[in-house]
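# Summary of structural features
Below, each chain spelled out in residue letters.
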Amino acid sequence: MKFESVDLKQLPDNPFRLIGDQWTLVTAGSADSFNTMTASWGGVGVLWNKPVATIYIRPQRYTYEFLEKSDTFTLSFFSEQYRSALKLCGAKSGREVDKVKETGLTPVTEEGSVYFDEARLVFVCKKLYFDDIKPENFYTPDLEINYPNRDYHRMYIGEIQKALIAK
């Protein structure tokens, strides 16, 4: 598929539906070695006068290893026809399954970042900041329900350097 750069302020998507309902594939690594996983938590906005995306990854996820080593990550968004691929990428580990082979998705590499040719929208992000979720900072204890194993997410904030939309 062909992609073209688009001004972030011209995106037609609602970020709450885009991430929370439609989900995204978070991908990090290089053409030779990368992993992707499905995420339904995250956000987009403006921080430090830059357009940013925020993602949350648990330390036991295979993608975490790639994010720790990479300067960039991508968020790939798909049409509903790829829901089963997104489900597989969220349910299976790249340590055990070749997600590209299992889903039939086609990786594309651009300037060291990996995303997928079947995506309808891609954010290419450069890591700016990370921090770990700390239970002592929860204002309401009910949030602990998300962490029965106390495996708190690492938050990554990345500058959205490029938004690509399928033609």
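These remarks concern the structure in this document. Every value quoted in this text rests on a predicted model; they were computed, and no experiment measured them.

Within the protein, the regular secondary structure consists of four helices and ten strands. For the protein, the N- to C-terminal ordering of α and β elements is β-α-β-β-β-β-α-β-α-α-β-β-β-β. Reported as C-alpha extents along the three principal axes, the dimensions of the protein are approximately 45 × 40 × 30 Å. Residues counted as buried form 41% of the 167 residues belonging to the protein. Total accessible area computed for the protein in this model is approximately 9300 Å², and 50% of it derives from carbon and sulfur atoms. For the protein, the distance from the average site of its 21 positive side-chain charges to the average site of its 23 negative ones is 1 Å.

Estimated volume of the largest pocket: approximately 290 Å³. Residue lining of the largest pocket: 13 residues in total, with Leu8, Lys9, Leu11, Val44 and Pro51 positioned closest to the centre. Where the lining of the largest pocket is concerned, the elements lending two or more residues are helix H1 (15-21), strand E4 (42-47) and strand E5 (50-57). No other element matches the three residues that E4 contributes to the lining of the largest pocket.

Turning next to helix H3 (residues 83-91). Here H3 has its buried residues at Arg83, Ala85, Leu86, Leu88 and Cys89. Close packing links the buried residues of H3 with H1, strand E2 (24-29), strand E3 (34-39) and helix H4 (99-103).

Before going further, it helps to examine the pattern of salt bridges. Counted according to the given criterion, the structure contains eleven salt bridges. Put simply, Glu111 and Lys162 hold a salt bridge, and the shortest N to O gap is 3.5 Å. Of this pair, Glu111 sits in the loop between strand E7 (107-110) and strand E8 (113-116) while Lys162 sits in strand E10 (residues 154-166); the two residues are 51 residues apart in sequence, bridging distant segments of the chain. Beyond isolated ion pairs, a larger network of salt bridges with shared partners links Glu68, Asp132 and Arg154.

Looking now at the pairing of E7. Sheet topology note: the E7/E8 ladder contains four bridges and is antiparallel. Looking at E8, one finds that Pro107 is bridged to Phe116. Here E7 folds back onto E8 in antiparallel fashion, the turn holding two residues, of which Glu111 has a positive phi close to 50 degrees.

Turning next to a nonpolar patch on the surface. Taken together, Leu47, Trp48, Leu128 and Tyr129 make up a surface patch of nonpolar side chains, about 360 Å² in accessible area. On the accessibility criterion, Leu128 (34% relative accessible area) is partly exposed.

Sheet analysis places strand E6 (residues 72-77) next to strand E9 (residues 121-132), joined by six bridges and oriented antiparallel. Each bridged residue has a counterpart across the sheet, and for Phe77 the counterpart in E9 is Leu121.

It is worth spelling out helix H2 (residues 62-69) at this point. What H2 keeps buried is the set Thr63, Tyr64, Phe66 and Leu67. Down the axis of H2, the sector holding all buried residues measures 165 degrees, keeping them to one side. Where H2 is buried, its residues contact E2, E3, E5, E6, E9 and E10.

Per the stated rule, a full pass over the model turns up nine aromatic pairs. Seen from their ring centres, Tyr62 and Phe66 are 4.9 Å apart, and the 90 degrees between their planes marks the pair as edge-to-face. Taken together, the residues Tyr62 and Phe66, both in helix H2 and four residues apart, mark about one turn of the helix. For Phe66, a relative accessible area of 10% gives the class buried. Taking the centre distance of 5.4 Å and the plane angle of 70 degrees together, the rings of Phe77 and Phe123 count as edge-to-face. Taken as a pair, Phe77 in strand E6 and Phe123 in strand E9 lie far apart in primary sequence, 46 residues in all. The class for Phe77 is buried, based on a relative accessible area of 1%. Through pairs of rings, three or more aromatic residues link up here, namely Phe138, Tyr147 and Tyr152.

The rules behind the values
- Residues numbered from 1 in each chain as written.
- Predicted model: local features only at pLDDT ≥ 70, side-chain atom pairs only at ≥ 80, totals over all residues.
- Heavy atoms only, no water.
- Helix = DSSP H or I, 4+ residues; strand = E, 2+ residues; numbered from the N terminus.
- Buried < 20%, exposed > 50% of the residue type's maximum accessible area, 1.4 Å probe, protein only.
- Areas by Shrake-Rupley, 256 points an atom, 1.4 Å probe, with all protein chains shown as cover.
- Lys, Arg positive; Asp, Glu negative; His and termini not counted.
- Charge placed at Lys NZ, Arg CZ, Asp CG, Glu CD.
- 1 Å grid on protein atoms, 1.4 Å probe; cavity = no way out; pocket = protein on both sides within 12 Å on 5 of 7 lines; lining within 4 Å.
- Points joined across faces, edges and corners; volume = space filled by probe spheres on them.
- Contact = heavy atoms within 4.5 Å.
- Salt bridge = Lys/Arg side-chain N within 4 Å of Asp/Glu carboxyl O.
- Pairing = 2+ DSSP bridges.
- Patch = residues over 30% accessible without salt bridge, like charges linked within 9 Å, V, L, I, M, F, W, Y side chains within 5 Å.
- Arc of directions from axis to C-beta.
- Phe/Tyr/Trp six-rings, centres within 6.5 Å; stacked < 30°, edge-to-face > 60°.

Geometric values such as these leave the question of function open.
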